[in-house]
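Secondary and tertiary structure notes
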Amino acid sequence: MGFKKIEAIIRTEKLDEVRMAVEGVGIVGMTVTEVKGRGSQKGILLEWRAGEYRVEFLPKLKLELVVHDVDLEKAVEALSAAARTGKVGDGKIFIYSMEDIVRVRTGERGRPAV
Amino acid sequence: MINSGDTAWVLISTALVILMTPALAFFYAGMVRRKNVLSTIMLSVAILALISVQWVLFGYTLAFGPDHAGLFGGLNWLGLNGVGQTPYPGYAATIPHLAFMVFQLAFAVITPALITGAFVERINFPGFLLFTLLWSTFIYDPVAHWVWGIGGWLRNLGALDFAGGTVVHITAGVSALALALIIGRRKGYGKFPMEPSNIPFTILGAFLLWFGWFGFNGGSALSSGGLATSALVVTNTAAAAAALTWMLMSWIHKRPSVLGLATGAVVGLVAITPASGYVSPLSALVIGAVAAVVSYYSILIRVKSGLDDSLDVFACHGMGGITGALLTGVFADKAINSAGANGLLFGNPQQLLIQAIAVLVVAVFSFTVSYILGRVIDAVFSLRARSEEEEIGLDITQHGEAAYS
């Protein structure tokens, strides 16, 4: 029985909805990082004094969470449903296999450390 | 005879105008990239220190000392020798001569600071310091003498410049154009996006400029009565009209931009500066609105030209100053200030011609001398930071400091 790491790039304004959605399927722990990035949306134009200037990388959040294999599908489903607006810029979810996990406080490894 | 009310107002105005230079530092710093925020602030605040010393030692006497041929002041007041607590009635009969001197100091400080917007993010600091010292000595001081000094040739010609449309904004704006040409574009300009570091800094700076401008224009009455009040009212009115006009233009373009509104406010303040002691509030509305349109399109044309006058000093101060100086010749009204003159609308088309001569002469002089000074200093000391310094950012490479952790 393994675990997976879910790395999700989401809209900044969707953080609380995503947090509550994954908590609803029993996943509490996560790490959030402020990042900049771009996808098919590319950059955007912002107002300058006269005319505009281009911003090529948009602010996003990167969520990292680790789940048991059995919880993966419902976690991904909850996360993507909560993060979705249907417009370009909703983000991506990357899923990795994990080797091992260590809980720093107790030294527990593997399953109990999730 | 010293009047305490007049003196108090001029001293407070001096403090207000001194505040405008750090305000300008933040106005500019918000529009540059994160790696050049401290460098941009440094350019303005270093000028505050440098020119405060220059003015006391020899700047004041070059500008306002006893006249030589209408062109510059003599060295009689070197080191403020003879400039004391009693009034010098030729300039201001009811305040100490020292009060007039220090009020003028604040103007001598902010003028070269305006130019820095043309060369931010790539300037070599030592070359910049030398340029500033020579610019103040060979451009600001003589032009201040021509327009404001007793015996100055433009003053004798009848040119109206209440608070520095010509002396401050045209000299700075046109010199910025010369410097932008000499120093060249920032690396990657037009190719890579250049994101402003902190627009709220810029907005804060703009509205502190608005606040300080009450001293700039109101204090230029050199007394605390009706004329100062009138100047203060038209200053606020022109700033507001220009801010609204700019907001509308940005709205028509896309959205009502706060950076646009703030830029408009500054342009309105620039344009009302020469006119502020001579025009009515309704004229100020027109001056502000017209200047906003002129500067807005000047920025668009500048961008199209490919010239990297990075913070549009020419478009805002040069074009705003020229607009204001010319419109002073249209809207000036002796009913507002009997010591002034009537403009075109009040039956004196001659005044517009005089204003145009002053604009042209000061613009050509400022551009030419700035260009020569810039070229010489660039050849000897380099005005431009080294390529890798510019890439890494001037905060770290020129000043050894970081704005943000």
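Criteria and thresholds
Residues numbered from 1 in each chain as written. Chains lettered and ligands numbered in written order. Predicted model: local features only at pLDDT ≥ 70, side-chain atom pairs only at ≥ 80, totals over all residues. Heavy atoms only, no water. Helix = DSSP H or I, 4+ residues; strand = E, 2+ residues; numbered from the N terminus. Rg over C-alpha atoms; globule rule 2.2 N^0.38 Å. Buried < 20%, exposed > 50% of the residue type's maximum accessible area, 1.4 Å probe, protein only. Contact = heavy atoms within 4.5 Å. Areas by Shrake-Rupley, 256 points an atom, 1.4 Å probe, with all protein chains shown as cover. Lys, Arg positive; Asp, Glu negative; His and termini not counted. Charge placed at Lys NZ, Arg CZ, Asp CG, Glu CD. Phe/Tyr/Trp six-rings, centres within 6.5 Å; stacked < 30°, edge-to-face > 60°. Buried area = accessible area lost by both parts, 1.4 Å probe. Salt bridge = Lys/Arg side-chain N within 4 Å of Asp/Glu carboxyl O. Polar contact = N/O pair within 3.5 Å; in protein donor to acceptor, adjacent residues only side chain to side chain. Nonpolar A, V, L, I, M, F, W, Y, C, P; charged D, E, K, R; others polar. Expected span 1.5 Å × (residues − 1).

**Topic: the overall build of chain B**
When its secondary structure is counted, chain B shows 14 helices and 2 strands. What you see for chain B is a C-alpha radius of gyration of 20 Å, in line with the 22 Å of a compact globule of 405 residues. A total of 405 residues make up chain B; the buried ones form 59% of that total. Residue pairs in contact within chain B that sit at least 24 positions apart in sequence constitute 77% of those at least 6 positions apart. When the accessible surface of chain B is split by element, carbon and sulfur atoms take 70% of a total near 14400 Å². Chain B carries 17 positive and 17 negative side-chain charges, and their two centres are separated by 9 Å.

**Observations regarding the packing of aromatic side chains**
Evaluated as defined, the whole model comprises 27 aromatic pairs over all chains. Note on W48(A) and Y53(A): the rings are 5.6 Å apart at their centroids and 85° apart in plane angle, and the pair reads as edge-to-face. Classification of W48(A) by relative accessible area gives buried; the value is 13%. These aromatic residues form a ring-pair network of at least three members: W55(B), Y60(B), F64(B), W77(B), Y88(B), Y91(B), F100(B) and Y140(B).

**What to know about the interface of chain B and chain A**
Listed by partner, the interface residues are 22 residues for chain B and 12 residues for chain A. Both faces combined, the contact of chain B with chain A buries some 1400 Å², and carbon together with sulfur accounts for 57% of it. Remark: the boundary between chain B and chain A carries 1 salt bridge. Residue E52(A) is joined to K254(B) by a salt bridge in which the shortest nitrogen-to-oxygen separation is 2.9 Å. Our count for the chain B to chain A interface comes out at 5 residue pairs in polar contact (both at pLDDT 80 or more). Put simply, the parts of the chain that give the side of chain B that touches chain A at least two residues each are helix 8 (226-253), helix 9 (258-272) and helix 10 (281-305) of chain B. Classifying every residue of the side of chain B that touches chain A gives 13 nonpolar, 5 polar and 4 charged.

**Here's the deal with the pattern of salt bridges**
According to the stated counting rule, one finds 22 salt bridges over all chains in the structure shown. Notably, a salt bridge pairs R11(A) with D90(A), separated by 2.7 Å at the nearest N-O pair. Placement of R11(A) in the loop between strand 1 (3-10) and helix 1 (15-24) and of D90(A) in the loop between helix 2 (72-83) and strand 6 (92-97) is noted, with a sequence separation of 79 residues between them. For the pair R11(A) and D90(A), one class covers both residues: buried. Residues K187(B) and E391(B) are paired through a salt bridge, measuring 3.2 Å at the closest nitrogen-oxygen approach. With a gap of 204 residues between them, K187(B) in the loop between helix 6 (165-183) and helix 7 (199-218) and E391(B) in helix 13 (residues 387-392) connect regions that are remote in the sequence. By sharing partners, the salt bridges in this structure join R33(B), E121(B), R122(B), R186(B) and D308(B) into a single network.

**Remarks on unusual backbone geometry**
Residues and elements named next belong to chain B. One non-glycine residue, L80, lies in the positive phi region at around 65°. Take L80: it is sitting in the loop between strand 2 (72-73) and helix 3 (97-115). In this structure, L222 takes a positive phi of about 60° despite not being glycine. With respect to the helices, strands and loops of the structure, L222 is situated in the loop between helix 7 and helix 8.

**Notes on helix 9 of chain B**
If you check helix 9 of chain B, its first and last C-alpha atoms are 21 Å apart, about what 15 residues at 1.5 Å a residue would give, namely 21 Å. For helix 9 of chain B, a buried count of 13 out of 15 residues is recorded, marking the element as mostly surrounded by other parts of the structure.

**Observations regarding the side chain of T273(B)**
Residues and elements named next belong to chain B. Mapped onto the elements of the fold, T273 is located in the loop between helix 9 and helix 10. For T273, a relative accessible area of 0% translates into the label buried. Contact partners of T273, with chain neighbours within four places excluded, come to F162, A163, G164, G165, H169, W213, F216 and N217.

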